[in-house]
Amino acid sequence: MSEVAESPVPMPAKRRVAQLVMLALAVLIIMGAYANVGLAMTGEVPVGMLTYGLSLGGLMLAAYLVLAKFAPWADPLILPLVTLVNGLGLVMIYRLSVSDSNLPSAKLASPSSQLLWTFIGIVLFSLTLIFLRDHRVLQRLTYTAGAVGLFLLVSPLIPFLGQEINGARIWIGIPGLGQLQPAEFAKLALVIFFAGYLVAKRDVLALAGRRLLFIDLPRARDLGPVLIIWGVSLGILVMQKDLGSSLLLFGTFIAMLYVATQRVSWVIIGILLFAGGAILAGTIFEHVHQRFVVFLNPEDPELFRAVGGSEQLMQGLFAMGSGGILGTGLGQGHPELIPLAFSDFIFSATGEEIGLTGLMALLMIYALLVERGLRASLAARDPFSKLLAGGLSFILAWQVFIIVGGVTNLIPLTGLVTPFMSQGGSALLANWILIALLVRMSDTARRPPPQAIQNEGLTQVFQR
Amino acid sequence: MNSPLKRVAVACLAMFALLMINVNYLQAVKAEGLRGDPRNTRNFYDRYAIERGRITAGGKVLAQSVETKDPRFRFIRQYPEARLYAHVTGFFSPESESAIERSENQLLDGSSADLLLRRSIDLFTGEPTKGANVDLTINPKAQKAAYDALRQSGKRGALVALDPKTGGILAMVSLPTYDPTELSGTDKGKVFPRFDELAKQKDQPLLNRTIAQTYPPGSTFKVVTMAAYLEDDSSRGPQTNVDAPQRLPLPNTNISLPNYGGAACGSGSVTLTFALEKSCNTPFGKMGMELGYDKMKEQTEKFGMGQPVSVPMSVTASDFGPEEDKAALAMASIGQRSNRMTPLQMAMIAAGIANDGKVMKPYLVNKITDAKGDSINQAKPEELSEAVSSETAGKLREMMVSVVQNGTANLAQVPGVQVAGKTGTAETADGQPPHAWFISFAPAEDPKVALAVIVESGAANVGAEATGGHTAAPIAKAVLEAVLNK
């Protein structure tokens, strides 16, 4: 395993103009979608479209300039892709808020606050790029990050600070700002911790103990960290009833452990541990059991009527079915009929209006984003960067898989946000920071190494 | 670390591939089922999102969609003629529809493939989809006359009138009726209980008696027996003499077939014309036995029975009944055994005779135009079958004119017009008063209208065959006059 970039490699180009064009396209698509919603629902272009469009465009231009100045070698595709998804989420939330209905999904959709959070998100993105010139400083903060992450996870349980909304105690109140979900930020801190910790311990963790069948089992004493993370994940599940975050965290840890140690046995142990934990939780906790029952037979009329039953899931599926291959067109379906269409079920709501065609494109954008992140990870020169970039990319993919798989009944439904689309500030801010980290690392990875002063007669240096 | 990272990348791609496959499964494979699920409220909203086309007849609007202020239900259905056309237009309720609203639903709501071109043009010009307009063959004057006359009888009943030359339905009235507006509201809480209430009523207001109910045809069926008898031997004519005993002994039984009220029929040997005029039973019973089951059955089939007919609502099949013994055949030949007829079928028999023996396929939809007024479909009259030769048709016509002039149906006479007709009084099994039937067409020399009318339990009072003509014939007369502008 070589930790230094193999040479000779073709030098990456900056592609800054291409990025600007793609960003402009993304903003134009979003403005077009806004206009589409307005024309379909009220017969006129929404008044706010120009202001929305111009401010989003202006902000993106600012982000672009920051990026060009502070991370000029960064992957040109990442920012336009995120802009497109974030914008589509804004359009859907706006669309839900103008639907003429008293249903919660229409009442609770708040495009203006989501737009504000988007602005703050982009500001945080820029600030991260400006102040974090070298992400490797994060490696020094490994245990700090771990402690911060754990604190953020348990913070909702602290009296006075934490708040319970909709039966889940995963919020903290911040005076003047409203509520935040600290778990969203905890994910970032924990991925940083995992990366730093695993880089330090990977040699030990990779040491094989006994060989059983075809698998080299790790030494029993190295199971410790895995068991701790497993325990923390189950703790989240038990105390905060947050099935999604628990699954997200554990899965990400196992993936990073595998990358660090290259040992499949960790993955198998992880899956077994998680399955055991899930079965245990399923037998002890009614709400976990219920999710599984609903997953197996969502169309059951009894379950459909039951409180906490399959109605919400089925409403999402009805929406997607009604959208069909081409969708109803933005503003022309009834996504407001889905409970939580603006948050957990925004994927289904989008699917009704842009159809299979649109969803395939959307999933493709997410996939591209993830693979771009993994590419930065592959190109990174030091193990910490590799692990961090890989972990951040994986957590993004894993999160999309869990929530989209959940609302499309591919896996049991757990509550999670759809990255960049679901309404909610915390997730949006955390994900924009995550993107800033990926951009920073892709910049470092793609930046050509300093050229040694060479005798030109000896080596032909290829440079564009 | 690169090789495990590459595997993670592949795993991520696999996860996205799984998601994509699943979304494809949901939105392409399973979409139809999810879309149509009764728990999917969208279907309910979608019904009211599109401006359905109008249903019109003879310049009158029978059903139209009007815009509301409610954005959930943008268009609601109105029926300006209310009860008068209820069984023709049908209703458009939150979850279902009936009659023309149902048969022509895809055209009315614009989803039909025939409207693909129009929809594509609308897509580019940005116009909202509008359904096609359906114009019916109904003659509003005939419809109104039939409705008023039937209602005056105070009975349940049905009338259907045809243009004998084309098969176009000129009137289709079934009583009692209902107000389609009551069943077409958007409030399920009101519409569904009202529907249940109507569906449970004993007099079945939702039933379209003209096409969905069969009755014993009684003496009107003698026209069919007569047709078969004339067809069997072309030398027979209106003046041919037949045996007409006071009672006709039925073979292998100890009962005999009497004439109505046990009366004699002429002198015991009468002309065919006389037999039809007076609607004697014995000569027809004898004719039927002489012809045999197969010939009788064949004749009914030539008049269109046994062929699935839709107008476009599907018509309940009429039936001559199974083959039994001679005695049963004699009774069937006077329309009083297991033969069951829809009023439409009886009207087709009258129309076939009127139209020189050719039965035209009945239809209700005259023309379909898109929202811009461009024609999409124009009905083309089609021949269903040739019931009798034109020669036989002429003989039957002559005799049926005589029935109205000299016989049981004098109440159907229209001054200055030769009216042909045949009365019927059909006994029902359950001790109820008999049904009064009348089939007719006019003017006999150049028929413009043929019709059948039944008044359920309408021949109550007097003990004479004339009572069939007494209740039903005047109703027919009102419709004939309306069509012929008299």
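Analysis parameters
- Residues numbered from 1 in each chain as written.
- Chains lettered and ligands numbered in written order.
- Predicted model: local features only at pLDDT ≥ 70, side-chain atom pairs only at ≥ 80, totals over all residues.
- Heavy atoms only, no water.
- Helix = DSSP H or I, 4+ residues; strand = E, 2+ residues; numbered from the N terminus.
- Buried < 20%, exposed > 50% of the residue type's maximum accessible area, 1.4 Å probe, protein only.
- Contact = heavy atoms within 4.5 Å.
- Areas by Shrake-Rupley, 256 points an atom, 1.4 Å probe, with all protein chains shown as cover.
- Lys, Arg positive; Asp, Glu negative; His and termini not counted.
- Charge placed at Lys NZ, Arg CZ, Asp CG, Glu CD.
- Buried area = accessible area lost by both parts, 1.4 Å probe.
- Salt bridge = Lys/Arg side-chain N within 4 Å of Asp/Glu carboxyl O.
- Polar contact = N/O pair within 3.5 Å; in protein donor to acceptor, adjacent residues only side chain to side chain.
- Expected span 1.5 Å × (residues − 1).
- UniProt positions renumbered as here; feature names shortened; annotations may be inferred.
- Pairing = 2+ DSSP bridges.
- Axes fitted to C-alpha atoms, helices over the stretch in contact; angles between N-to-C directions.
- Parallel < 35°, antiparallel > 145°, perpendicular 65-115°, else oblique.
- Left-handed = near helix turned anticlockwise from the far one by under 90°.
- Nonpolar A, V, L, I, M, F, W, Y, C, P; charged D, E, K, R; others polar.

Scanning chain B for helices and strands turns up 19 helices and 17 strands. Overall, chain B is about 115 × 50 × 40 Å in size when its C-alpha atoms are taken along their principal axes. The 486 residues of chain B split such that 55% are buried. Across chain B, contacts joining residues at least 24 apart in sequence account for 70% of those joining residues at least 6 apart. Here chain B displays about 19,500 Å² of accessible surface, and carbon together with sulfur accounts for 50% of that area. Between the mean site of the 53 positive side-chain charges and the mean site of the 52 negative ones, chain B shows a separation of 5 Å.

With 55 residues of chain A at the contact, the number on the chain B side is 35 residues. Regarding the contact of chain A and chain B, the summed buried area is about 4,100 Å², with carbon and sulfur atoms giving 70% of it. The largest share of the area that chain A buries against chain B comes from Val259(A), Phe318(A) and Leu378(A), three residues that together contribute 14% of it. Our enumeration of links across chain A and chain B arrives at 2 salt bridges. One salt bridge connects Arg42(B) with Glu352(A), and the closest N-O pair in it is separated by 2.8 Å. Our enumeration of links across chain A and chain B arrives at 14 residue pairs in polar contact (both at pLDDT 80 or more). When contributions to the side of chain A that touches chain B are tallied by element, the ones reaching two or more residues are helix 10 (243–261), helix 13 (301–305), helix 14 (311–323), helix 15 (346–379) and helix 16 (383–407) of chain A. In terms of residue count, helix 15 of chain A provides more of the side of chain A that touches chain B than any other element does, 16 residues in total.

Taking 1.5 Å per residue, 21 residues should reach 30 Å; helix 11 (residues 264–284) of chain A reaches 30 Å between its end C-alpha atoms and fits that length. Those residues of helix 11 of chain A that fall on the buried side of the exposure criterion are Ser265(A), Trp266(A), Ile269(A), Gly270(A), Leu273(A), Gly277(A), Ala281(A) and Gly282(A).

Listed under "domain: Penicillin binding protein A dimerisation" (unreviewed entry) in the UniProt record, and renumbered for this structure, are residues 52–134 of chain B. Here residues 52–134 of chain B runs as 28% helix and 20% strand, with 10 Å between its end C-alpha atoms.

Right, let's get into the sheet that holds strand 3 (residues 75–78) of chain B. Residue and element names in this part refer to chain B. The strand order across the open sheet formed by 6 strands is 3-2-1-4-12-13, and the pairing between neighbours is mixed. Sheet topology places strand 3 and strand 13 (375–378) at the edges, where each strand pairs with a single neighbour. Direction aside, the axes of adjacent strands within the sheet are offset by 20 degrees on average. In this sheet, strand 3 lies alongside strand 2 (residues 60–67) in antiparallel orientation, the contact comprising 4 bridges. For Ser 65, the partnering residue across the bridge sits in strand 3 and is Arg 77.

Our focus in this paragraph is helix 3 (residues 78–98) of chain A. With 21 residues, helix 3 of chain A should reach 30 Å at 1.5 Å per residue; the first-to-last C-alpha distance of 31 Å fits that figure. Within helix 3 of chain A, 19 of the 21 residues are buried, leaving the element largely enclosed by the surrounding structure.

All names here are of chain B. Following both chains from N to C, one finds helix 12 (residues 222–232) and helix 14 (residues 282–291) inclined at 50 degrees, their axes separated by 10 Å at the closest point. Between helix 12 and helix 14, the interaxial angle falls into the category oblique. Once helix 12 is placed against helix 14, the crossing between them reads as left-handed. Between helix 12, through Lys 222, Thr 225, Met 226, Ala 228, Tyr 229 and Asp 232, and helix 14, the contact on the second element is made entirely by Phe 284, Met 287, Gly 288, Glu 290 and Leu 291. The class makeup of the residues in the contact of helix 12 with helix 14 is 6 nonpolar, 2 polar and 3 charged.

A separate point is the pattern of salt bridges. Residue and element names in this part refer to chain B. On inspection of all chains with the given rule, the structure shows 32 salt bridges over all chains. Between Arg 236 and Asp 232 there is a salt bridge, and its shortest N-O distance comes to 3.7 Å. Overall, the relative accessible area of 13% leaves Arg 236 in the buried class. For Asp 232, a relative accessible area of 35% corresponds to the partly exposed category. Residues joined in a network through salt bridges with shared partners are Asp 232, Arg 236, Glu 290 and Lys 295.

Residues and elements named next belong to chain B. Where burial is concerned, the two faces of strand 4 (residues 133–136) agree: the one with Asn 133 and Asp 135 and the one with Val 134 and Leu 136 are both buried. Examined bridge by bridge, strand 1 (residues 55–57) and strand 4 share 3 bridges and lie parallel to one another. Across the sheet, Thr 56 pairs through a bridge with Asp 135, a residue of strand 4.

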